[in-house]
Amino acid sequence: MIQFKKVNKYFGPFHVLKNIDLQIKEGEVVVIIGPSGSGKSTLLRCINRLETLSDGELVVNDVPLHDKKININQFRRDIGIVFQHFNLYPHKKVIDNIILAPMKVQHLKKEDAKKTAMYYLKRVGIEDKAYNFPSQLSGGQQQRVAIARGLVMNPKIMLFDEPTSALDPEMIGEVLDVIRSLAHNDGMTMVIVTHEMGFAREVADRIVFMDEGQILEVATSSEFFGSPREERARTFLSRLINH
Amino acid sequence: MGNFDVMLVFDHWDRYMAGFINTIQISIIALIGSFILGAIIAIFRIAPLKPLNWFGTAYVEVIRNIPLLIVVFFFYLGLPSLGIELDGFVSGTLGLTVYTASFIAEAIRAGIQAIPTGQTEAARATGLSYLQTMTHIILPQAIKIVLPAIGNQFINLVKNSSILAVVAGMDLMYYADLINSDTFLPLTVYTFVALFYLVLTVPLSYAVLYMEKCFNIADN
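Bear in mind the structure is a predicted one, so any value in this text is a computation, not a measurement. Position labels on residues start from 1 in each chain and follow its written sequence. Numbering of ligands from 1 and lettering of chains from A proceed in the order in which they are written. The predicted nature of this model means local features are confined to residues of pLDDT at least 70 and side-chain atom pairs, given and counted, to a pLDDT of 80 or more, with totals for whole chains, interfaces and linings taken over all residues. To obtain the side-chain values, all non-hydrogen atoms of the structure were included, while hydrogens and water were left out.

Glancing now at the overall build of chain B. When helices and strands are tallied, chain B shows 9 helices and 0 strands. Only DSSP runs of H or I reaching four residues or more are called helices, and only runs of E reaching two or more are called strands; each is numbered from the N terminus. When the helices and strands of chain B are listed from N to C terminus, the series reads α-α-α-α-α-α-α-α-α. For every residue, the accessible area obtained with a 1.4 Å probe (protein chains only) is divided by the maximum for its type, and the residue is called buried under 20%, exposed over 50%, and partly exposed between those limits. Taken over 220 residues, chain B has a buried fraction of 44%. A separation threshold of at least 6 residues defines the contact pool for chain B, and within that pool the share at least 24 residues apart is 75%. In what follows, residue pairs with any heavy atoms lying within 4.5 Å of each other are defined as contacts.

Dropping the structure here:
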């Protein structure tokens, strides 16, 4: 479903992604972990081409993303993304945040779009906030709206870019619960960048460990957290656990 | 009251009104023209195409950094040597439009760029096109930031229109000069001219304030 082949990415002289090879199957939940600046987010953002490749091949949903001629707007309908800083539209009410893409991209009627939107708002547990502005919601609620905005397009793949890193500690749980339920009940293909190791261990089919732009280790969750092969993965984990 | 004669405004009412109405026309034409031109230049400056960026930057940096009088003289005195004859009204209004557009372009560009890139990313990631993202997400947010700056430019524009007096542009200031040379009562003549300008600019500044307030209410 997602296939990286020898992908390289540079920001100016800085080599952010080095020879990335990775395959993700349909229905799989893959969690990418690693120290800050290791290229996790960049890797994730390549999947819906918020970042372009410098070289190599990346095929997602049978679409070759290294080909500049593809219809990118068409392609992006099938991929939802949730950002660290939510990126809700502050001038639109919660419901209007969610129905914009269904109306403008899928050309749904407003009533139909609203029905679908309410279904997903209920799903993330905040249907009573539909007619509030984002600024009237807590961080955790805003992030749940962002998840609903991603789900409403009924995507084949959901991407989560550090979805809880900007949240107060007491709100992390409510967001992780929603993602966990997507993983367990919907069997959706998901790629998640996170620093929540307990969550990663529980939800991931596979763990991808990155450092300095390289994938150092790919293993099942129990293998990785039980006995990571790589020395750097071991130090990374021990630092997180012993702080 | 040898130096100040209130009745003067009534004696010369026709000429005051002729100038006043022309100044309103000049202002409205230049206001619409400079907004459209300014918006185009702003889009040139941020569009993902290098030659457009260069053109936009060159326009802004050249035009806003030379005196308005020289821009107007270019149209009034410069173009005739290229075979294009324009009267004072047209060349003055053109100069004013071209000049004000450079400031408006900067205000619009700054407003658009003040919107966090995350907004564009979120919109594009759901499959919205560049144009849809601009119209539904970026511009509605940018307009709130831009409005006070543009309002100030419009007030400046009305005041700057007095430069047309120099090129016989038939505006309020031009007629004031005529009345003054007939009456030799400069204090009276120009005090009334100032009042006529205030009649235009004060409502304009309140209109800007009102619009800002409306947008703030819509926001929360």
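Attention now moves to the overall build of chain A. Helix and strand counts for chain A come out as 9 helices and 10 strands. In summary, chain A has a C-alpha radius of gyration of 18 Å against a globular reference of 18 Å for 243 residues, a match within 12%. For the C-alpha atoms alone, the extent of chain A along its principal axes is close to 55 × 45 × 35 Å. Within chain A, the fraction of its 243 residues that count as buried is 54%. Partitioning the contacts of chain A with sequence separation of at least 6, the portion at a separation of at least 24 is 63%. For the radius of gyration, the atoms used are the C-alpha atoms, and the globule rule reads 2.2 Å times the number of residues raised to 0.38.

Its 31 residues place the ends of helix α7 (residues 130–160) of chain B only 37 Å apart at the C-alpha level, less than the 45 Å of an ideal helix rising 1.5 Å per residue. At valine 146 of chain B, α7 of chain B is bent by approximately 45°, the largest bend along its length, and proline proline 148 of chain B sits one to four residues beyond. For a helix, the expected span equals 1.5 Å multiplied by the residue count minus one. Bend angle per residue: angle between axes fitted to the 7 residues ending at that residue and the 7 residues starting there.

In this model, chain B carries a mean pLDDT of 92, and residues with pLDDT of at least 70 account for 97%. If you check the scores for this complex, the pTM reads 0.82 and the ipTM reads 0.92. Along the chain, pLDDT gives the predictor's confidence residue by residue, from 0 to 100.

Another point: the UniProt feature "domain: ABC transporter" (unreviewed entry) in chain A. The UniProt entry lists residues 2–237 of chain A under the feature "domain: ABC transporter" (unreviewed entry), expressed in the numbering used here. Structurally, residues 2–237 of chain A is divided into 37% helix and 26% strand, and its ends, taken at the C-alpha atoms, are 27 Å apart. UniProt positions are given in the numbering used here, feature names are shortened, and annotations may be inferred rather than shown by experiment.

Attention shifts here to empty space enclosed by the protein. Only protein atoms enter the 1 Å grid used here, on which a cavity is any set of points holding a 1.4 Å probe that cannot leave and a pocket is any open set flanked by protein within 12 Å on both sides along at least five of seven lines; residues with an atom within 4 Å of a point are listed as lining. Grid points are joined across faces, edges and corners, and a volume is the space filled by probe spheres set on the points. Inspection of every chain in the model, using the stated rule, returns 1 cavity of 30 Å³ or more. The computed volume of the largest cavity comes to approximately 100 Å³. Around the largest cavity sit Arg76, Arg77, Ile79, Gly80, Ile81, Phe83, Arg149, Gly150 and Met153 of chain A together with Ala122, Ala125 and Thr126 of chain B, which together line it. Considering every element that reaches the lining of the largest cavity, the biggest residue donor is strand β6 (residues 79–82) of chain A, with 3 residues.

Right, let's talk about the interface of chain B and chain A for a bit. Frequently, the measure chosen for interface size is the accessible area that the parts lose on association. Taken together, the 20 residues of chain B in the interface contact 24 residues of chain A. Taken together, the two surfaces of chain B and chain A that pack against each other cover about 1800 Å², and 55% of this comes from carbon and sulfur. Three residues stand out in chain B for area buried against chain A, namely Glu121, Ala125 and Thr126 of chain B, and they jointly supply 27% of the buried area on that side. One side-chain nitrogen of Lys or Arg within 4 Å of one carboxyl oxygen of Asp or Glu is enough to make a salt bridge. For the pair chain B and chain A, the number of links is 1 salt bridge. By convention, the term buried area covers the 1.4 Å-probe accessible surface removed from two parts as they join, with the contributions of both added.

Another point: the pattern of salt bridges. Following the criterion strictly, the structure yields 18 salt bridges over all chains and no others. Its salt-bridge partner being arginine 180 of chain A, residue aspartate 177 of chain A comes within 2.6 Å of it at the nearest N-O pair. Residue aspartate 177 of chain A and its partner arginine 180 of chain A are both found in helix α6 (residues 169–186); the two are separated by 3 residues, about one turn of the helix. Residue classification places aspartate 177 of chain A among the partly exposed positions, given a relative accessible area of 43%. The shortest N-O distance in the salt bridge between aspartate 182 of chain B and arginine 15 of chain B comes to 2.6 Å.

All names here are of chain A. Although it is not a glycine, lysine 6 sits at a positive phi angle of roughly 45°. Along the polypeptide, lysine 6 turns up in strand β1 (residues 2–11). A positive phi angle is found at asparagine 19, which is not glycine, with a value near 50°. Residue placement: asparagine 19 occurs in strand β2 (residues 14–24).

Turning our eyes to something else, we now look at the pairing of strand β7 (residues 157–161) of chain A. All names here are of chain A. The element β7 is extensively covered by neighbouring structure, given that 5 of its 5 residues are classed as buried. Residues Ile157, Leu159 and Asp161 point to one face of β7 and Met158 and Phe160 to the other, with burial holding for every one of them. Strand pairing is defined by DSSP finding a minimum of two bridges between the two strands. Summarising the sheet, β6 and β7 pair through 4 bridges and their orientation is parallel. Paired with valine 82 across the strands is phenylalanine 160, a residue of β7. Pairing analysis gives 5 bridges linking β7 to strand β8 (residues 189–193), with the strands arranged parallel. Along β8, the bridge assignment pairs isoleucine 157 with threonine 189.

All names here are of chain A. What the 4 strands build is an open sheet, ordered β2-β1-β4-β5; its pairing is antiparallel. Looking at the sheet topology across the chains shown, the edges are occupied by β2 and β5 (63–64). Across 7 bridges, β1 lies against β2 in antiparallel orientation. Pairing of glutamine 3 across the sheet is with glutamine 23, part of β2.

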